[in-house]
Amino acid sequence: MTSVSTSVLQIPQWVPPEVWLRIFGIATDFEATLNCDIPISSDLPRMLVKQHELHRLRHSLRTKRCMALVCRTWNELALEFLYQSIRITKVDTLVSLHASLQRHSLTAQGKNRLGWWTKRLDVLIEDERCEASDYSVLAAIVRQLPNLSIITLSMPMLPLNDCWLRQLPTSVIVSLAETCGASLQVFDCSESILRPCREDLMLLLAASPNLRVLRCPIYCPTPPDRACRNRLDVPVMSKLESVTLMSVFLRDYLPRDKDVNHLPALRRLTYDCIPPPFFDHAWKNFNELDLLSECCTVLEKLVIYLRSWLELKPRLILPPVSYLGLHAKAPKGPLFHFQALVSAFVTLTAPKLRTVRLLHANTAEEMRENASLFAAEDRAYLTSCSFSLGVSEGCVLFS
């Protein structure tokens, strides 16, 4: 009988800290949770993207906590990972977090401070009451985070706050601009009841030359005591690639001098808007899409959220984009809704358009159920036109 010798796997008693840090980074999904390209590249509706992001963040946080509890060495090594991404969902957490950051800053400097490692801050307080003092604590927390890259704010109203004003306290915006403006790449207040006034937003943009993603669909009216005679233009944002806004506010993002390109890198524009950008009864035949061709010369993707498919008007002339994403907040409707949608596609003028995506899970099924009822010439056109019509999963509806 042949003897088979088995060797015991030798595990080194000492592993270099650099190796552990690399392992920790992989285990906590470090790169994905801090990836600023996801909001730009994803074709899914923002709600689904956000759900996926929050799921990753929660899973990453659980892993970080487990690593920190293994032993003292792991606790010390994992400390920077624990604070790379901070998620706040309770008002009480603001006070405790500020106390921890403040206490640690008294004994540590530079890279040894906890806030030095923070790249992402999500403040998602929905069902609790916030006092003015809580926002002061938030502003103080931001001042402890000099390298912040991503911030998401979803904040409740202040007590006795005017229901129309709904202004995010200026102290929060000022702390962002003064502390981490140079490192900020994503600013998202799209789901917040409180939002900055226009003057505060311009202040933040001027201090954030590396901003890549801006989601501020609407800003609050400027308080009377801060109204200025000279309207501030958006500064030249050489790295801003993606903007989400309400249609009636596009004019506020474009400069008065159209010969100056203030958004030279803008590749994706998302309208979450009522009414749509191409027709507003209050402005008669004002068409904001005409401005895009003049002022956003490298625009590639245009995403429009509608109340229903009826809002997509026929004979539209699009700016020279290659991608059009459409999402109806009420996607299900009678047959004539889908006939209107098909009519809009057939009469669309878009020489550079290559892809149209209907960004709703039920749309493909609804379109297929009604396809036989569309005019034969319309079906033939959609089969042979220069752009492919599909859904968010990528499957083509007419081929």
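Everything discussed here concerns the structure shown above.
Here we summarise the structure given alongside this text.

Rules of the game
Each chain has its residues counted from 1, running along the sequence as written. Whole-chain, interface and lining totals are the exception, using all residues; otherwise, since this is a predicted model, local features are given only for residues with pLDDT of at least 70 and side-chain atom pairs are given and counted only at 80 or more. Side-chain calculation: all heavy atoms of the structure are included, whereas hydrogens and water are not. Buried means the residue's accessible area, taken with a 1.4 Å probe over protein chains only, is under 20% of the maximum for its type, while exposed means over 50%, and partly exposed covers the values in between. In DSSP terms, a helix is any run of H or I states spanning at least four residues, a strand is any run of E spanning at least two, and both are numbered starting from the N terminus. Any two residues whose heavy atoms approach within 4.5 Å are treated as being in contact. A side-chain nitrogen of Lys or Arg and a carboxyl oxygen of Asp or Glu constitute a salt bridge if their distance falls within 4 Å. The nonpolar core is taken to be a set of buried Ala, Val, Leu, Ile, Met, Phe, Trp, Tyr and Cys residues, with the residues joined through side-chain atoms within 4.5 Å. Only protein atoms enter the calculation, which uses a 1 Å grid: trapped sets of points that fit a 1.4 Å probe without letting it out are cavities, open sets showing protein on both sides within 12 Å along at least five of seven lines are pockets, and any residue with an atom within 4 Å of a point is a lining residue. Grid points are joined across faces, edges and corners, and a volume is the space filled by probe spheres set on the points. Side-chain classes are defined by residue name, with Ala, Val, Leu, Ile, Met, Phe, Trp, Tyr, Cys and Pro counting as nonpolar, Asp, Glu, Lys and Arg as charged, and the others, Gly among them, as polar. Convention adopted: a line fitted to C-alpha atoms gives each axis, helices being fitted over their contacting stretch, and angles between N-to-C directions are expressed from 0 to 180 degrees. Our angle categories are set so that under 35 degrees counts as roughly parallel, over 145 as roughly antiparallel, 65 to 115 as roughly perpendicular, and the remainder as oblique.

Overview of helix H7 (residues 132–142)
For H7, the set of buried residues is Asp134, Tyr135, Val137, Leu138, Ala139, Ile141 and Val142. Elements in contact with the buried residues of H7: helix H6 (91–105), strand S2 (120–124), strand S3 (150–154) and helix H8 (170–180).

Things to note about the pattern of salt bridges
Inspection of every chain in the model, using the stated rule, returns seven salt bridges. Put simply, Arg267 and Glu241 hold a salt bridge, and the shortest N to O gap is 2.5 Å. One end of the pair, Arg267, is in the loop between helix H10 (250–253) and strand S7 (268–272); the other, Glu241, is in the loop between strand S5 (213–215) and strand S6 (242–245), and 26 residues separate them in sequence. With relative accessibility at 30%, the residue Arg267 sits in the partly exposed group. Glu311 serves as the salt-bridge partner of Arg307, at 2.5 Å between the closest nitrogen and oxygen. When salt bridges with common partners are traced through the structure, they connect Arg212, Glu241, Arg267 and Glu300 into a single cluster.

A closer look at the nonpolar core
A general feature of soluble globular proteins is that nonpolar side chains tend to end up buried together. Among the nonpolar cores identified, the biggest contains 86 residues, and Leu121, Phe187, Leu214, Leu302 and Phe345 are the most heavily contacted of them. For this core, the element with the most residues is H7, which contributes six residues. Not counting the four nearest positions on each side in its chain, Leu302 is found in contact with Leu269, Tyr271, Leu289, Leu292, Leu318, Pro319, Val321, Tyr323, Leu324 and Gly325. Formed by five residues, the second largest nonpolar core is a distinct cluster that contains Phe24, Leu77, Ala78 and Phe81.

Section: the layout of surface pockets
Quantified by volume, the second largest pocket comes out at close to 310 Å³. At the level of secondary structure, the elements contributing two or more residues to the lining of the second largest pocket comprise helix H4 (46–68), strand S1 (85–88) and H6. For the lining of the second largest pocket, a count of residues per class yields five nonpolar, four polar and two charged.

Side note on the environment of Ala375
Residue placement: Ala375 occurs in the loop between helix H13 (363–370) and helix H14 (376–384). In this structure Ala375 comes out as partly exposed when scored by relative accessible area, which is 31%. Put simply, Ala375 and Val342 are 33 residues apart on the chain and 9.3 Å apart in space, counted from C-alpha to C-alpha.

A few points about the packing of H7 against H8
In the contact formed by H7 and H8, the axes pass within 8 Å of each other and the chain directions differ by 5 degrees. With respect to H8, the axis of H7 lies roughly parallel. Residues Tyr135, Leu138, Ala139 and Val142 of H7 touch H8, and the partners they reach there are Ser171, Val172, Ser175, Leu176, Thr179 and Cys180. Its residues assigned to classes, the contact of H7 with H8 comprises seven nonpolar, three polar and no charged.

Scope: geometric values only; no functional claims are made or implied.
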